[in-house]
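Examination of the molecular architecture
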Amino acid sequence: MLNLIINLIHKLIHEVKKMMEKSFVMMKPDAVQRRIMGKILTRFEEKGLQVVAAKLLKIDEDLAKEHYGEHSEKPFFNDLVSYITSSPSFAMVIKGDDAISLIRKIVGATNPKEADLGTIRGDFAMDMGRNIIHASDSPASAEREISLFFNEDEICEYKIADDPWIYE
Ligand code: IDP
Ligand code: MG
């Protein structure tokens, strides 16, 4: 009995320590047009991350300006809005242990020429204005961006079968 309780407590501590996070990730119009969505998605799946929401959508100007609001004063803002509204994007919510910073590492630096090889931008892109993917940079951005693109009922919480083989 005592063993059972100790085991349970261990499991609970582990669950709390796991830091499950959700990030907003979006393949930009160039990724969709270049038909590399599958390759990009595979990187997240193979790492052990879980897709809990996804949709293809053509972002309109208002949504683009709101999403990139922090850059509204930057010289590249108009080009950025044109780029992101030019053709459909593939928006996702991806979940996992420490997912927000982990996904930023998988995505690589903003400038694809400086991004390490082995990252998505480092392997598939050349220019800052064609850097193929977006990922939230903090828990606050993730929360804001997820709610900008998805309703609560579009996010699917489900148990994934290989969980015990991904997390100890
Ligand atoms: P991030 O996407 O790595 O978070 P941010 O600095 O948040 O990078 O910039 C948002 C997006 O704006 C970038 O992904 C890129 O597409 C575009 N961008 C950022 N800086 C420049 C620039 O100097 N020239 C052109 N586009 C830029
Ligand atoms: Mg950013």
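Residues numbered from 1 in each chain as written. Chains lettered and ligands numbered in written order. Predicted model: local features only at pLDDT ≥ 70, side-chain atom pairs only at ≥ 80, totals over all residues. Heavy atoms only, no water.

Observations concerning the site of ligand 1
Filter applied, for reference: Being near a molecule or strand, for a residue, means having at least one of its heavy atoms within 4 Å of it. Polar contacts here mean pairs of N or O atoms no more than 3.5 Å apart (in protein, one a potential hydrogen donor and the other a potential acceptor; neighbouring residues in sequence count only if both atoms are side-chain atoms). Note on areas: Shrake-Rupley, 1.4 Å probe, and residue coverage restricted to the protein chains presented here. Computed over the protein atoms alone on a 1 Å grid, cavities are sets of points where a 1.4 Å probe fits but cannot get out and pockets are open sets with protein on both sides within 12 Å along at least five of seven lines; a residue lines them when it has an atom within 4 Å of a point. Pocket occupancy is defined atom-wise: a molecule lies in a cavity or pocket when more than half of its atoms are within 2 Å of its grid points.
Around ligand 1 sit Lys-28, Tyr-68, His-71, Phe-76, Leu-80, Arg-104, Thr-110, Arg-121, Met-128 and Asn-131, and those are all the residues in its vicinity. With respect to ligand 1, the side chain of Lys-28 contributes an N or O atom lying 2.9 Å from an oxygen atom. A distance of 3.0 Å is found between an oxygen atom of ligand 1 and a side-chain nitrogen or oxygen belonging to Arg-121. In isolation ligand 1 has 530 Å² of accessible area, and contact with the protein removes 78% of it. Because more than half of its atoms lie within 2 Å of the grid, ligand 1 is assigned to the largest pocket.

As for the sheet that holds strand β3 (residues 89-97)
So the rule is basically this: Whether two strands pair comes down to DSSP finding at least two bridges between them. Secondary structure follows DSSP: runs of H or I at least 4 residues long count as helices, runs of E at least 2 residues long count as strands, and numbering of each begins at the N terminus. Helix axes use the C-alpha atoms of the stretch in contact, all axes being lines fitted to C-alpha atoms, and the angles between their N-to-C directions lie in the range 0 to 180 degrees. The contact criterion used is simple: two residues touch if any of their non-hydrogen atoms lie within 4.5 Å.
Strand order in the open sheet made by the four strands is β2-β3-β1-β4, with antiparallel pairing throughout. Each edge of the sheet is formed by a strand with only one pairing partner; in this case those strands are β2 (50-57) and β4 (133-135). Taking the axes of each pair of neighbouring strands and ignoring which way they run, one obtains an average angle of 20° across the sheet. The pairing of β2 with β3 spans seven bridges and is antiparallel. Looking at the pairing, Leu-56 lines up with Phe-90 of β3. Strands in contact with helix α3 (residues 37-47) are β1 (20-27), β2, β3 and β4; relative to β1, the strand with the most contacts, it is inclined by about 165°.

Here we look at the layout of surface pockets
To be explicit about the condition: Grid points are joined across faces, edges and corners, and a volume is the space filled by probe spheres set on the points. Side-chain classes are defined by residue name, with Ala, Val, Leu, Ile, Met, Phe, Trp, Tyr, Cys and Pro counting as nonpolar, Asp, Glu, Lys and Arg as charged, and the others, Gly among them, as polar.
Space inside the largest pocket adds up to approximately 480 Å³. What lines the largest pocket is a set of 23 residues, and nearest its centre among them are Lys-28, Tyr-68, His-71, Leu-80 and Thr-110. Those elements that place two or more of their residues in the lining of the largest pocket are α5 (77-85), β4 and α8 (139-149). Residues that form the lining of the largest pocket fall into these classes: six nonpolar, eight polar and nine charged.

A word on α8
Selection rule: Throughout this description, buried means an accessible area under 20% of the type-specific maximum (1.4 Å probe, protein chains only), exposed means over 50%, and partly exposed covers the range between. The reported arc concerns the directions from the helix axis to the C-beta atoms and nothing else.
For α8, every residue scored as buried is listed here: Ser-141, Ala-142, Glu-145, Ile-146 and Phe-149. Along the axis of α8, the buried positions cluster into a sector of 125°, meaning they face one direction only. Seen from the buried face of α8, the exposed residues on the opposite side, beyond 90 degrees, are Pro-139, Ala-140, Glu-143 and Ser-147. Looking at the packing, one finds that the buried side of α8 touches β1, β2, α4 (61-67), β3, α6 (99-107) and β4.

Here's the deal with the nonpolar core
Soluble globular proteins tend to pack their nonpolar side chains together in the buried interior. Quick note on the threshold: Residues enter a nonpolar core if they are buried and are Ala, Val, Leu, Ile, Met, Phe, Trp, Tyr or Cys, with the set joined through side-chain atoms within 4.5 Å.
With 21 residues, the main nonpolar core has Ile-40, Phe-44, Ile-103, Ile-120, Ile-132 and Ile-133 as its most contacted residues. Elements with a contribution of two residues or more to this core: β1, α2 (29-33), α3, β3, α6, α7 (120-124) and β4. Tallying contributions element by element places α6 first for this core, with four residues. Excluding residues within four positions of it along the chain, Phe-44 makes contact with Val-25, Leu-49, Ile-94, Ile-103, Ile-106, Val-107, Ile-120 and Ile-133. In this structure, Ile-59, Tyr-68, Ile-84 and Phe-150 belong to the second largest nonpolar core, which totals 20 residues.

Re the confidence of the model for the protein chain
Just so we agree on the cut-off: Along the chain, pLDDT gives the predictor's confidence residue by residue, from 0 to 100.
Considering every residue of the protein chain, the mean pLDDT works out to 94; 94% of them sit at 70 or more. Within the protein chain, the lowest mean pLDDT, 66, falls on helix α1 (residues 2-17), and the highest, 99, falls on β4.

Details of the environment of Arg-121
Topologically, Arg-121 is positioned in helix α7. When its relative accessible area of 5% is taken as the criterion, Arg-121 is described as buried. Here the alpha-carbon distance between Arg-121 and Asn-131, two residues 10 residues apart in the chain, equals 6.1 Å. Excluding residues that lie within four positions of it along the chain, Arg-121 makes contacts with Lys-28, Val-107, Gly-108, Ala-109, Thr-110, Pro-112, Ala-115, Asn-131, Ile-133 and His-134.

Some thoughts on the side chain of Thr-119
Here Thr-119 is to be found in the loop between α6 and α7. Within the structure, the side chain of Thr-119 is placed 3.0 Å from the backbone nitrogen of Gly-122, a separation counted as a polar contact. Look past the residues within four positions of Thr-119 in its chain and what remains in contact with it is Arg-43, Lys-105, Ile-106, Val-107 and Gly-108.

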